[in-house]
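Understanding the architecture of this molecule
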Amino acid sequence: MPEQQHDRGAYTHADVHTLAKRLSNWGRWGSDDEIGTLNQVTPQRVVEAAGLVRSGEIISLALPFDSSGPQNGSFGRNNPVHYMTATGTDAVGGAQDHMRVSRHADDGIVMPLSCGTQWDGLSHIFYEGRMYNDRPAELVSANGAARNGIENTRDRIAGRGVLLDLPRYEGRPWLEPGEAIHPADLDGCVQAQGVEIREGDFVLIRTGQLAQVRDRGSWGDYAGGAAPGLSLDSAEWFAEAGLAGYATDTWGTEVIPNETPDVFQPMHIVLLVHVGLLIGEMFDLEELAAACAADGRYEFLLVAPTLPITGAVASPTNPLAIR
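Just so we're clear, the structure is a prediction, and the values are computed from it rather than from any experiment.

Thoughts on empty space enclosed by the protein
Summed over the entire model, instances satisfying the criterion amount to two cavities of 30 Å³ or more. Its volume calculated, the largest cavity comes out at about 40 Å³. Considering the residues around the largest cavity, the lining is formed by Leu63, Pro64, Phe65, Asp66, Gly69, Pro70, Asn79, Pro80, Cys115, Gly116 and Thr117. By volume, the second largest cavity amounts to about 30 Å³. Contributing to the lining of the second largest cavity are Glu34, Asp120, Gly121, Leu122, Asn148, Gly149, Ile150, Thr153 and Leu278. Its residues placed into classes, the lining of the second largest cavity shows three nonpolar, four polar and two charged.

So, the layout of surface pockets
There is about 180 Å³ of room inside the largest pocket. Lining the largest pocket are Phe75, Arg77, Asp120, His124, Ile125, Trp251, Gly252, Phe264, Gln265, His268, Ile269 and Glu281. Classifying every residue of the lining of the largest pocket by side-chain character gives five nonpolar, four polar and three charged.

What to know about the confidence of the model for the chain
The predicted model of the chain has a mean per-residue pLDDT of 96, with 97% of residues at 70 or higher. The model gives residues 1-6 a pLDDT under 50, and that stretch makes 12 contacts with residues more than four places away or in other chains.

Structural notes on the environment of aspartate 107
Within the secondary structure, aspartate 107 sits in strand β3 (residues 106-110). Of the residues examined, aspartate 107 reaches a relative accessible area of 47% and is grouped as partly exposed. Sequence separation of aspartate 107 and methionine 84 is 23 residues, and the distance between their C-alpha atoms is 4.1 Å. Leave out the neighbours within four places in its chain, and aspartate 107 touches His82, Tyr83, Met84 and Thr85. Here histidine 82 takes part through its side chain, which lies 2.8 Å from a polar atom of the side chain of aspartate 107.

Considerations on the pairing of strand β11 (residues 202-206)
Of all five residues making up β11, five are buried, and the element is well covered by its neighbours. Every second residue of β11 is oriented toward a common face, with Phe202, Leu204 and Arg206 on one face and Val203 and Ile205 on the other, all of them buried. Of the pairings in the sheet, the one linking strand β9 (residues 158-165) to β11 comprises five bridges and is parallel in character. Bridge pairing links aspartate 165 to arginine 206 in β11. Direction of pairing for β11 relative to strand β13 (residues 245-248): parallel, over a ladder of four bridges. In the sheet register, leucine 204 faces β13, and the bridge partner there is alanine 247.

So, how was this worked out
Residues numbered from 1 in each chain as written. Predicted model: local features only at pLDDT ≥ 70, side-chain atom pairs only at ≥ 80, totals over all residues. Heavy atoms only, no water. 1 Å grid on protein atoms, 1.4 Å probe; cavity = no way out; pocket = protein on both sides within 12 Å on 5 of 7 lines; lining within 4 Å. Points joined across faces, edges and corners; volume = space filled by probe spheres on them. Nonpolar A, V, L, I, M, F, W, Y, C, P; charged D, E, K, R; others polar. pLDDT = per-residue confidence, 0-100. Contact = heavy atoms within 4.5 Å. Helix = DSSP H or I, 4+ residues; strand = E, 2+ residues; numbered from the N terminus. Buried < 20%, exposed > 50% of the residue type's maximum accessible area, 1.4 Å probe, protein only. Polar contact = N/O pair within 3.5 Å; in protein donor to acceptor, adjacent residues only side chain to side chain. Pairing = 2+ DSSP bridges.

As structure tokens, this is what we get:
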């Protein structure tokens, strides 16, 4: 697309449609494929990624799954509800005296699968009645996703991770809400950090929005409100890099308000539905960013599996950056 189309509202539904069709990977890995760009995670690439581990430092990139999370009820999403089915007070109160010697605690959780740090599955978004690999939206019913379910990715999300720390590159604590990230920003950050983007990588993009949330002491409108994020003109950058997946520290990865007044979350249409690119959201990149800045190493082994929930369209994850 023309480089000058950077202003809010400069893109139309027609632009999204054209870009989606041009970058589409439908059929690339066969008509039965259900994992998209995760096909680019090969055994050899995993072996190479394991070689990036030097100190053995493990950094979790997950937000806590609890009642203090980012959700505010919008899009039907609430924070996790954790409950106990057996407790220590039960045990000492005699409720478990039918057991011989041992006592126990048990618990459960009720939560939307997209309420915290998570991966979007390839059955999460539809466009023109279709989802990834030209499958009809009707395949996702009240019984879950009959095709493109998240369970297909359960053994694929491990490989070379690369952090792109945009605010630190620009000398700021965070990007501002509504600020778009363009290919020139990504390329500049790559060059400044002295890192290379390779096929099969998982690229993690820090906007600093979580730092801003913590600085003000409240989530505010983090869930669905104005946010820094990817511009539509970066779609080609992600598609042509041959990535396995990408994630950001924001609610939806794209710049909000979107640049397309007539299309909501256009990058999801292009990258998730058509490119088949795994998208991660609400990754906590603050500790990792500090560690990378301290020693100048922005590549690491990333292990971030999904839960094999049959027919699910998304999955929570506890991503681990292993350095």
